[in-house]
There are 2 protein chains.
Amino acid sequence: MRPTVHDIAAAAGVSLATVDRVLNLRPGVRTVTREKVEKAIERIGYIRDVAAANLAKSRIYPLVFILPAGDNSFMRGLEAEIRAAIERSAFERTQISIVTVPAFDAPALQAALEEAHAIRPAGIAVVAVDSPEVAASVNRLRDDGIPVVTLVSDLSGSNRDHFAGVDNTAAGRTAGNLMGRFLGERPGPVAVLAGSMLVRDHRERLEGFRAVLDAEFPGRTILPVLEGHDDPTEAERLVRGALETHPDIAGIYSLGAGNRGLITALKTSPSKPCVIAHELTPHTRRALQDSLIDAVLNQDAGHEVRSAIRVLKAKADGLAVIGAQERIRIDIFLKDNLPFDEARTPREDL
Amino acid sequence: MRPTVHDIAAAAGVSLATVDRVLNLRPGVRTVTREKVEKAIERIGYIRDVAAANLAKSRIYPLVFILPAGDNSFMRGLEAEIRAAIERSAFERTQISIVTVPAFDAPALQAALEEAHAIRPAGIAVVAVDSPEVAASVNRLRDDGIPVVTLVSDLSGSNRDHFAGVDNTAAGRTAGNLMGRFLGERPGPVAVLAGSMLVRDHRERLEGFRAVLDAEFPGRTILPVLEGHDDPTEAERLVRGALETHPDIAGIYSLGAGNRGLITALKTSPSKPCVIAHELTPHTRRALQDSLIDAVLNQDAGHEVRSAIRVLKAKADGLAVIGAQERIRIDIFLKDNLPFDEARTPREDL
DNA sequence: CTGTTAGCGCATTCAC
DNA sequence: GTGAATGCGCTAACAG
């Protein structure tokens, strides 16, 4: 049988209450007593039963998720995953609220963070806009003992506890490597469609992509970046324009959202460039199956949400997490390894 | 506040014990009473607190993992992940034992299953050899109420509760697609190195690979399969022989283990074929970095082990699992998206 | 500063 | 058939 608080109390010759005070770092214990208890804990190899502790505390974890509003398939998918987590909240002792703010809007995000701060939740997960003011708000939260996890896009110069997202530089490099190899000897430049250079994930992807193409596929030129603000209409216009101006475009790397517009433009294009895009949505999935897109790099939104929750709960309790379990992978999808569409097929496991 | 057993008892006008009998499907309750209680449960929307239940029961989950013995990097990595899970067993209320059996040996595996059966654990995870006798043993376990999860390689004709592994046909297709594209116009046949056609995962990978190459890259011939029994020495001999017999080999797909031998053979090869292999081990990682291997398809052993444990616990309790969380991905690694080597770098999160 | 006691939500004896 | 009482391991009043 695992040792319990009673065993510690007996071994140290004190009462349960004193043991509890030591375990939970509460004041009101003489240093000698404290040391006596700590020795006993060490000696008998006590491991706290977190479940029992949570039961006794009737602990629930109020969490706030802040993410961009708007018509962005990936972000709406992320929101759906958060709602799925809300469904499970009874089992996971969480109480999750969702806040949406205008995309790429640092002041709005900051306001949302301050508002969330006032609620004093057990933790906050936020899709960051990379700005100093946002970082300042996050640091204030941390100073106040509220754990913060950045989600999808990270925040420079902040003390956020954890980043639940992919290594976007590596993602860009991977896209570059695939693009270079898929194109082979095919001549022509490569176009890049981005959302905004205001978010760190987009900047990092571009950087990685550039680095690999320059180093390993010299002679392949990259056209000036098209900034489509994750808007399908704008993306379509930009891509259409690029394909007209440069009819010899060999490849397109779409590193942001707005892929619906990209796909529309591709459908009427006389040439068939090699296309690599990010995030598996209903649109990119379809385009992959139709061979309009050659590869999709994805981050698993469900994994990111579950990971953010696990990490926030652990940080709130000062517990460790399983490092490997919280690493978000860069999923590479070709049309041959698409996962089943869970929205359209019944689950087998429930 | 969430309703508890007390609330049910009050609402139904019975005692706690009766509520418990109904909840846990125990006999000794009149049908009328039972229905009265069930109505109350329904009405007040009761959700059982599993943590509290486990506390009251002092429940632990004895689990058995059965995997192949021998000098196979992937399997030893899998074993290391199981040992990591054993480290966490105090927190997860598990008690895990590891059993190793000779590889590709159905009778030995069957004996191990029978032995595990005698222990009557809460669940069994097994790397299956695909044979009817093994399936029979598994079915007997199931009939006896012991949940079984197949790990890495699945078992045909059995009632295993769940398969914790990748879709190997899709993995083979993915390898075929990548191989076809990476080779582009480069002439020459493709060699395939397998372990054994006795395990289902290898058969399925080959099938998928063949299907895509035949359908989408006609004109690319596949040489007769080399069967290396996951043994480095044998693999090296076979690959060396193939490269001598067919100096124009353009690509090699290694769909099993024994990659150490493959890599040794590649190092002294005058030609530089495009190589796609399975499983990220220290050897394949290094070869990827050295550009001896072009892509590695991987299954995350840590994820598989954690998933198997979650599923076995859930099945033992008759609970649901989060489908998406238990889907094991086909990870595609190029040298640009290699994860940090956790064995050699300090963890940031603990 | 330290100890006693009740209770978190549930399961399980043992009476009735 | 049914109910009252006790305890799982821990926390949190409230006394002393």
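The shown structure was predicted, so the numbers you read here are calculated from the model rather than taken from an experiment. (Residues numbered from 1 in each chain as written. Chains lettered and ligands numbered in written order. Predicted model: local features only at pLDDT ≥ 70, side-chain atom pairs only at ≥ 80, totals over all residues. Heavy atoms only, no water.)

Here's the deal with the relation of the copies chain A and chain B
Mapping chain A onto chain B leaves a residual RMSD of 0.1 Å; the transformation is a rotation of 180 degrees accompanied by 0.0 Å of translation along its axis. The operation mapping one copy onto its partner corresponds to a two-fold rotation axis. (Least-squares fit on C-alpha atoms with pLDDT ≥ 70 in both.)

Some remarks on helix H7 (residues 106-119) of chain B
Residues and elements named next belong to chain B. With 14 residues, H7 extends 20 Å between its outermost C-alpha atoms, agreeing within 8% with the 20 Å of an ideal straight helix rising 1.5 Å per residue. For H7, every residue scored as buried is listed here: Ala106, Leu109, Ala112, Leu113, Ala116 and His117. Looking down the long axis of H7, one finds its buried residues gathered within 145 degrees of arc, a one-sided arrangement. Exposed positions of H7 whose direction lies more than 90 degrees from the buried face are Pro107, Glu115 and Ala118. (Helix = DSSP H or I, 4+ residues; strand = E, 2+ residues; numbered from the N terminus. Expected span 1.5 Å × (residues − 1). Buried < 20%, exposed > 50% of the residue type's maximum accessible area, 1.4 Å probe, protein only. Arc of directions from axis to C-beta.)

Details of the interface of chain A and chain B
Opposite the 50 residues of chain A that make contact, chain B presents 49 residues. Inspection of the region where chain A meets chain B yields 10 salt bridges. Between A:Arg173 and B:Asp336 there is a salt bridge whose closest N-O contact spans 3.2 Å. Among the elements that make up the side of chain A that touches chain B, the one with the highest residue count is helix H9 (residues 168-183) of chain A (seven residues). (Contact = heavy atoms within 4.5 Å. Salt bridge = Lys/Arg side-chain N within 4 Å of Asp/Glu carboxyl O.)

With respect to the sheet that holds strand E2 (residues 94-101) of chain B
All names here are of chain B. Taken together, the five strands give an open sheet; going across it, the order is E2-E1-E3-E4-E5, and neighbouring strands pair in parallel fashion. Among the strands making up the open sheet, the edge pair consists of E2 and strand E5 (162-164). Strand after strand, the sheet turns through a mean of 20 degrees between neighbouring axes, direction not considered. Where strand E3 (residues 123-126) meets strand E4 (residues 148-151), three bridges bridge the pair, whose relative direction is parallel. Looking at E4, one finds that isoleucine 124 is bridged to valine 148. (Pairing = 2+ DSSP bridges. Axes fitted to C-alpha atoms, helices over the stretch in contact; angles between N-to-C directions.)

Brief notes about helix H9 (residues 168-183) of chain B
The end-to-end C-alpha separation of H9(B) is 22 Å, in line with the 22 Å expected for 16 residues at 1.5 Å each. Just beyond H9(B), the residue with positive phi is B:Gly184, at close to 55 degrees.

Regarding the protein's contact with DNA strand D
Surveying the vicinity of DNA strand D reveals 25 residues, the closest of which are A:Val5, A:Asp20, A:Tyr46, B:Arg21 and B:Thr33. Here, DNA strand D places atoms within 4 Å of the protein, and 69% of those atoms are sugar or phosphate. The contact in question runs from a phosphate oxygen of DNA strand D to an N or O atom on the backbone of A:Asp49, over 3.2 Å. One of the backbone nitrogen or oxygen atoms of B:Ser15 is found 2.9 Å away from a phosphate oxygen of DNA strand D. When residues of the surface near DNA strand D are traced back to their parent elements, those giving at least two are helix H4 (50-57) of chain A together with helix H2 (16-23) and helix H4 (50-57) of chain B. Top element by residues in the surface near DNA strand D is H4(A). It accounts for four residues. (Near = heavy atom within 4 Å. Polar contact = N/O pair within 3.5 Å; in protein donor to acceptor, adjacent residues only side chain to side chain.)

Some details on the environment of B:Arg237
Turning to its location among the elements, B:Arg237 is positioned in helix H11 (residues 232-245). The class of B:Arg237 is exposed, set by a relative accessible area of 54%.

Points about the packing of helix H2 (residues 16-23) of chain A against helix H3 (residues 31-44) of chain A
Residue and element names in this part refer to chain A. Closest axis-to-axis distance for the H2/H3 pair is 10 Å, and the angle between their directions is 85 degrees. In terms of axis orientation, H2 runs roughly perpendicular to H3. Contacts between H2 and H3 pair Thr18, Val19, Arg21, Val22 and Leu23 from the former with Thr33, Arg34, Val37, Glu38 and Ile41 from the latter. Per-class residue counts for the contact of H2 with H3 are five nonpolar, two polar and three charged. (Parallel < 35°, antiparallel > 145°, perpendicular 65-115°, else oblique. Nonpolar A, V, L, I, M, F, W, Y, C, P; charged D, E, K, R; others polar.)

Let's talk about the state of the cysteines
Following the criterion strictly, the structure yields zero disulfides over all chains and no others. Unpaired in terms of disulfides, A:Cys274 finds its nearest cysteine sulfur in B:Cys274, a separation of 16 Å. Looking at A:Cys274, the relative accessible area reads 6%, which means it is buried. (Disulfide = S-S within 2.5 Å.)

Re the protein's contact with DNA strand C
Every one of the 28 residues lining DNA strand C counts as a neighbour, but A:Arg21, A:Thr33, B:Val5, B:Asp20 and B:Tyr46 are closest to it. In DNA strand C, atoms within 4 Å of the protein come 66% from sugar and phosphate. Between A:Thr33 and DNA strand C, the recorded distance is 2.6 Å, taken from a side-chain N or O atom to a phosphate oxygen. Within the side chain of B:Tyr46, an N or O atom sits 2.4 Å from a phosphate oxygen of DNA strand C. For the surface near DNA strand C, the secondary-structure elements that each account for two or more residues are H2 and H4 of chain A together with H2 and H4 of chain B. When residues in the surface near DNA strand C are grouped by element, the largest group, five residues, is from H4(B). Of the residues in the surface near DNA strand C, the class split is 14 nonpolar, seven polar and seven charged.

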